[in-house]
Amino acid sequence: MPATDRSSLSDAIRNSQIWKSIFRHPAPLDRRNRIVVVLTNFFLHLHPVSIKKQGIALSFTWCMGGVTFFLFLVETITGVLLMFYYRPTLEWAFQDILSLRDVASLGILRELHRWGAHAMVITVWLHMYRVFLTGSYKPPREFNWVIGVILLLLTLLLSFTGYLLPWDQLAIWAITVGSNMARATPFLGYEGPGQALFNVGGIDMITSASDARFMLLGERSVGEVTLNRFYILHCIAIPLAVAFLLAIHFWRVRKDGGISGPL
Amino acid sequence: MDPNLLTHWQNISGFLGFYYIALALMNGIAAFVVWRRSHATVGPVLLLLLSLVYVGVLAPLAFSADATWMPRMPSWFTQLTNEILGGSWGAVIYTVGSIVLLGGLFVARKFFVRPDVAWILLNASLLALGLSFSDPNFYAIAAKPDNVPIVGLIFLLGFFTWLATSRAVENDARALEGRPPLEKENDEKILVWPDLVYTELICMILLTALLLFWAIGLDAPLEEPASSVKTPNPSKAPWYFLGLQEMLVYFDPWMAGVVLPSLIVVGLMAIPYLDFNPKGNGYYTIEDRKFSYLMYQFGFLVLWITLIVLGTFLRGPNWNIFAVYEYWDPHKVEALNNIDLSNMFWEQLMGVSLPKAPNEAGFFTQLGFILYREWLGIAVTLLYFIMLPPLMAATVFRGFFVKMGFMRFMVMSNLILFMALLPIKMVLRWTVNLKYIIAIPEYFLNL
Ligand code: HEM
């Protein structure tokens, strides 16, 4: 096909009413338009218009914050798809995971979600590692580092709550080992130091049915109530908190003067 | 020839063959890149030769799964590793070994960041990994689906630590010559469209491809349905919490599971407010901020990562240590004869039995006896937390104290002392079999 034809075809597409209604701006080829496109596009307006060259140097940022964010989006999308197939009850949880492997089309949904989650834990560590090694937590970015630490914690908790959902041996024992720790919380766990202090008229207030672990699990050992709690934490509560903090995190990156650099 | 071994080789020969081909490709590409960049000949030729060895020798041998020719770790090596790591000194040798290794890499960092040296190390570790896969015990652990990310993590951390260190070494050298850091040269402003937007797009496409490959190639694990009566042995927390689970060997759950993790979070959040050094903001450097650098690396690489690796790859049934080539035998016994500091003081030193309140004694008498019994441990602990910070402020950390002020210095020194508790307890356990410094099981207060 002669070149002129091709360009006229793409011109025709780009000049159609549909295209123009979606993309409010023609392809930006000069400096002015490249600035305008970032300012006027909903998805691009997260970015500044111009940026120091080192801010996008892969050898400086490793792109790890961006990769973590991307993985969070992957987890959100695959997670919603998984929710269509999964019921968090003792009767169905394991069965539904089995059918995801054996029956559902697109049989790699669960794999995408699980490996994406592992990868996200790794990339969030690497992101923190790079932020530390470049000293980017120093003023004026102290508070964004603090938000980052909460995000790190939430990422681990997301992964931890999700670990229970397949309801196989791996799942409940890992969560049992993990949540047993709460039993020993000082003052608030029934096997924790200082537990005996909460004692009213000779009756212990902190027992295995009222301590920190019980609050986490909703019962004395990992069971259906726990499954429900972890499901809601995993699918709703923690993702919302992460999304909220991410908005602040990104906003702060820009308000603190963009990616850090030598003075 | 052990038939099980042969079956294992047949099962993995396809995977291993492609693994060596991938290594060949990696070195071939490196040869091309080096040649394009420098037009040198020695390096590229050596890389090509290496590549040829992978594709011409190791890959076909791996594909053959032949009883005599299968590439594998020499048996003297696997046996020696099992002897050293699987013995009763395994945890000690592993931990001390990791510290010595990381310390050596740090001290000789100028040597190890050289691209040729780093490349040789990368090849050596990838080759060792490939050869080890031929061992069924190693394969059973390293290729367990949930452990694969950790193998990845080790290599990623190696790569990024190398990258960061080589830039830091270069920046530090530039600083000596009075030149600004590398990052300063990238100061010019560029437009987000197209440069950043396209980088992001390419990253996203590559990552999607990678995730798809990973998901197709490796099935997510699913074991038997949950049963609250069948306890697996070992029962492991998810891999990213294995460092905490490893602390359970040395501490009771209230420390290992609650106090220390909370302090990790608090301590991380405190870093920007404790690090008063204005230098080293926005560029890679070691010399400009040696203290904070070493503190962080000790906490992250030594206490967090190596403990995760230990918990994942070396901890087997009954939480015993098993070397990487060792069979996970649930009947392996390890003598446990740890004793408390109070036992050491009263029984071994004084030659009397532990002080014990009469049975009918009231609450305060009981408490008094407990405090009396544990007085040494309590005194040591109080001295550690109360006496050391002022001592530190007056001696080695004098400069810090002056710059930080009282509050900030106290917070920092106490965080450091808490972090140091773990290595201290490890050493005491290994050397004198110490179980608890303070042992008050009556109130679940064991330290
Ligand atoms: C869900 C987890 C997180 C996501 C998605 C995320 C995302 C990002 C992104 C996209 C950036 C821009 C620069 C870059 O890519 O490196 C950034 C910067 C930053 N992040 Fe995060 N982050 C996360 C967690 C953390 C954690 C755990 C920390 C530290 C404890 C942290 C501290 C920072 C700081 C201080 C900056 C500014 C860096 C600079 O200016 O050089 N973030 N983050």
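Not measured: the values here are computed from a predicted model.

**So, the side chain of Arg174(B)**
Looking at the element boundaries, Arg174(B) is found in helix α8 (residues 148–176). Here Arg174(B) falls in the buried class, since its relative accessible area comes to 6%.

**Re the interface of chain A and chain B**
Taken together, the contacts link 90 residues of chain A with 92 residues of chain B. Between chain A and chain B lies a buried interface of about 8,400 Å² when both sides are counted; carbon and sulfur atoms form 73% of it. When the area that chain A buries against chain B is broken down by residue, the three leading residues are Trp115(A), Trp125(A) and Tyr129(A), summing to 10%. Across the contact surface, chain A and chain B share two salt bridges. In this structure, the salt-bridge partner of Arg114(A) is Asp146(B), at a minimum N-O distance of 2.7 Å. Taken together, the links from chain A to chain B amount to 34 residue pairs in polar contact (both at pLDDT 80 or more). Put simply, the parts of the chain that give the side of chain A that touches chain B at least two residues each are α3 (31–40), β1 (50–52), α4 (58–61), α5 (64–83), α6 (93–102), α7 (109–133), α8 (142–164) and α9 (169–180) of chain A.

**A few points about the site of the ligand**
All names here are of chain A. Around the ligand, 25 residues are found, and the nearest of them are His127, Arg130, Gly148, His249 and Ser260. A distance of 3.3 Å separates an oxygen atom of the ligand from a polar atom in the backbone of Gly65. Contact distances for the ligand include 3.1 Å between an oxygen atom and a side-chain N or O atom of Arg141. Per element, the largest residue contribution to the shell around the ligand is six residues, and it comes from α8. Taken together, the residues of the shell around the ligand sort by class into twelve nonpolar, eleven polar and two charged.

**Some words on helix α14 (residues 341–349) of chain B**
Buried within α14(B) we find Leu341(B), Ser342(B), Asn343(B), Met344(B), Phe345(B) and Trp346(B). Within two residues after α14(B), Gly351(B) carries a phi angle of roughly 70°, on the positive side.

**What to know about the coordination of the iron atom of the ligand**
Residue and element names in this part refer to chain A. Within the protein, the atoms that donate to the iron atom of the ligand are His127 (NE2) and His249 (NE2), at distances of 2.0 to 2.1 Å. Angles of 85 to 178° at the metal separate the six donor atoms of the iron atom of the ligand, which places the site in the octahedral class. Placement of the pair is His127 in helix α7 and His249 in helix α11 (residues 224–255), with a sequence separation of 122 residues. For the pair formed by His127 and His249, the shared burial category is buried.

Calculation notes
Residues numbered from 1 in each chain as written. Chains lettered and ligands numbered in written order. Predicted model: local features only at pLDDT ≥ 70, side-chain atom pairs only at ≥ 80, totals over all residues. Heavy atoms only, no water. Helix = DSSP H or I, 4+ residues; strand = E, 2+ residues; numbered from the N terminus. Buried < 20%, exposed > 50% of the residue type's maximum accessible area, 1.4 Å probe, protein only. Contact = heavy atoms within 4.5 Å. Buried area = accessible area lost by both parts, 1.4 Å probe. Salt bridge = Lys/Arg side-chain N within 4 Å of Asp/Glu carboxyl O. Polar contact = N/O pair within 3.5 Å; in protein donor to acceptor, adjacent residues only side chain to side chain. Near = heavy atom within 4 Å. Nonpolar A, V, L, I, M, F, W, Y, C, P; charged D, E, K, R; others polar. Donors = N, O, S within 2.8 Å, 3.2 Å for Na, K, Ca; no water. Tetrahedral: all angles 85-135°; square planar, octahedral: opposite > 155°, others 65-115°.

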